[in-house]
Amino acid sequence: MKSFDIHPIDKTLQTAIQTKIDNLNKPKGSLGRLEELAMQVCLIQQTLEPSLAHPCHLLLGGDHGIEREGVSVSPREVTWQQMINFTHGGGGVNMFCRQHGFKLRIVDVGVDYDLSKVDGIIDRKIAYGTKNFLYEPAMSEAEFDQAIQIGSDLVDDCISDGCKVLCIGEMGIANTSPSSIWMHLFTNIPLEKCIGAGAGLDAPGIRHKYVILSQAISRHQSYLSPLTIPEQSSPTRSLSHLSPLRIFGGFEMIAAIGAMLRAAEQHLMILIDGFIMTACALAAIQLYPATQDYMIFTHCGDESGHKAMLDAIGAKPLLHLGLRLGEGTGALCAFPIIDSAVRMMNEMNNFDNAQITKYF
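The paragraphs below set out a description of the structure included in this document. (Residues numbered from 1 in each chain as written. Predicted model: local features only at pLDDT ≥ 70, side-chain atom pairs only at ≥ 80, totals over all residues. Heavy atoms only, no water.)

Quick word on the nonpolar core
Part 1 of the argument: One finds W182, L245, F248, I257, M260 and L271 to be the most contacted residues of the largest nonpolar core, which totals 121 residues.
Part 2 of the argument: Apart from residues no more than four positions distant in its own chain, L245 is found in contact with F144, W182, F186, I254, I257, A283 and L287. (Core = buried A, V, L, I, M, F, W, Y, C linked by side-chain atoms within 4.5 Å. Buried < 20%, exposed > 50% of the residue type's maximum accessible area, 1.4 Å probe, protein only. Contact = heavy atoms within 4.5 Å.)

Concerning the packing of helix α6 (residues 176-187) against helix α10 (residues 275-287)
Part 1 of the argument: Remark: α6 packs on α10, axes separated minimally by 9 Å, with the N-to-C direction vectors making an angle of 40 degrees. Classified by the angle their axes make, α6 and α10 are oblique. As for how α6 packs across α10, the hand of that crossing is left-handed. On α10, the residues touching T176, S179, S180, W182, M183, F186 and T187 of α6 are F275, I276, A279, C280, L282, A283 and Q286. (Axes fitted to C-alpha atoms, helices over the stretch in contact; angles between N-to-C directions. Helix = DSSP H or I, 4+ residues; strand = E, 2+ residues; numbered from the N terminus. Parallel < 35°, antiparallel > 145°, perpendicular 65-115°, else oblique. Left-handed = near helix turned anticlockwise from the far one by under 90°.)

Focus: helix α12 (residues 329-347)
Part 1 of the argument: The first and last C-alpha atoms of α12 sit 27 Å apart over 19 residues, in line with the 27 Å expected at 1.5 Å per residue.
Part 2 of the argument: At F335, α12 shows its maximal bend, which comes to roughly 35 degrees, and the proline P336 appears one to four places after that position.
Part 3 of the argument: T329, G330, A331, L332, A334, F335, I338, A341, V342, M344 and M345 are the residues of α12 that are buried. (Expected span 1.5 Å × (residues − 1). Bend = angle between axes of the 7 residues up to and from the residue.)

What about the side chain of E67?
Part 1 of the argument: By the secondary structure assignment, E67 is in the loop between β1 (56-62) and α3 (77-87).
Part 2 of the argument: Setting aside its immediate chain neighbours within four residues, E67 contacts S74, P75, R76, I173 and A174.

Comments concerning the sheet that holds strand β6 (residues 295-297)
Part 1 of the argument: The strand order across the open sheet formed by six strands is β3-β2-β1-β4-β5-β6, and the pairing between neighbours is parallel. Strands with a single pairing partner mark the edges of an open sheet, and in this sheet they are β3 (121-123) and β6. Across the sheet, the axes of successive neighbouring strands diverge by a mean angle of 30 degrees, strand direction being ignored.
Part 2 of the argument: Looking at chain direction, strand β5 (residues 269-272) and β6 are connected through three bridges and run parallel. (Pairing = 2+ DSSP bridges.)

Things to note about the pattern of salt bridges
Part 1 of the argument: Across all of its chains, the model carries 15 salt bridges by this definition.
Part 2 of the argument: A salt bridge links D156 to R262, with the nearest nitrogen and oxygen atoms 2.7 Å apart. Taken as a pair, D156 in helix α5 (residues 141-160) and R262 in helix α9 (residues 251-265) lie far apart in primary sequence, 106 residues in all.
Part 3 of the argument: Relative accessible area serves as the criterion here: at 28%, D156 is assigned to the partly exposed category.
Part 4 of the argument: The class of R262 is buried, set by a relative accessible area of 16%.
Part 5 of the argument: Where D339 meets R343, a salt bridge forms, and the shortest distance between an N and an O atom there is 3.0 Å. A residue pair is termed a helical-turn pair when its members lie 3 or 4 positions apart in one helix, as D339 and R343 do in helix α12 at four residues.
Part 6 of the argument: Taking relative accessible area as the criterion, R343 reaches 42% and is therefore assigned partly exposed.
Part 7 of the argument: Via salt bridges that share partners, E67, R68, R76 and D112 belong to a single interconnected network. (Salt bridge = Lys/Arg side-chain N within 4 Å of Asp/Glu carboxyl O.)

In structure tokens form, the structure reads like this:
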């Protein structure tokens, strides 16, 4: 795996930023979470005048071999059908990107269908889906490295457009299964508490999913070591943390991790969406703990275990709208709140200029 040079956010400007926030013409602390967001955005960008210029949304598609085991109510052909639908502007992600001015990049990282001639889809296919991790690792080491590099390169493309805000979404039937396994392995939360309905499994379906995932973990147990969320002071984790990523992950998920790591390296703001992207964020934090400094956790969905995973990370999401669509839609919905925090910093008057008595 390529290495990244990711450092904790420089907090030298923290006092100056807080002074500016406190001198805006409002009661101290009265804008609550907006003030916290403004502080984080200013520290990420190292400025008292932050910008949300050229926001970019990466929509990464890939199929999963574990889908063959009936762990999802949706068949795998939905992945490629939705990918094509996105090119027609008909998905939820399209609507929200249009609404909030995000440039949408639709990327085939590993869909089990030939999309190479479909206009509007960036072809970065590694393979036609991952292998079935019930029997063998989902991908090879070379494929893992390729997926990380693809995610990193996609971020460089966004940066070339002047992007300062990165949002990442996914399209991949059965990708809640590797997400649940990662959550279990990285947090030590019991597996049954990490597994939910996904796109709509009933109670027997959830039980079947638990049995399959338990068997998969047992099969690969010799390659897995006890894993926990690292301390922020640790610059990076050991290579043992790569094993569960490669064994269970999807190409779109590993590419998302690569994108998050490169975005943090380049001091971009990273908007983290629902259950699957939170699992990818958890994995990125395992590899480089300082990556979390650059993440804004935007939404807590209804997928079983999502709140527990956010709590394990120590993340406080902005929204809880009951969304479980994926595609990065929760993050896009939260963007106006972040925009308000930035506008607060750049457009609100201060007590001196407004000639208002400062009363604290």
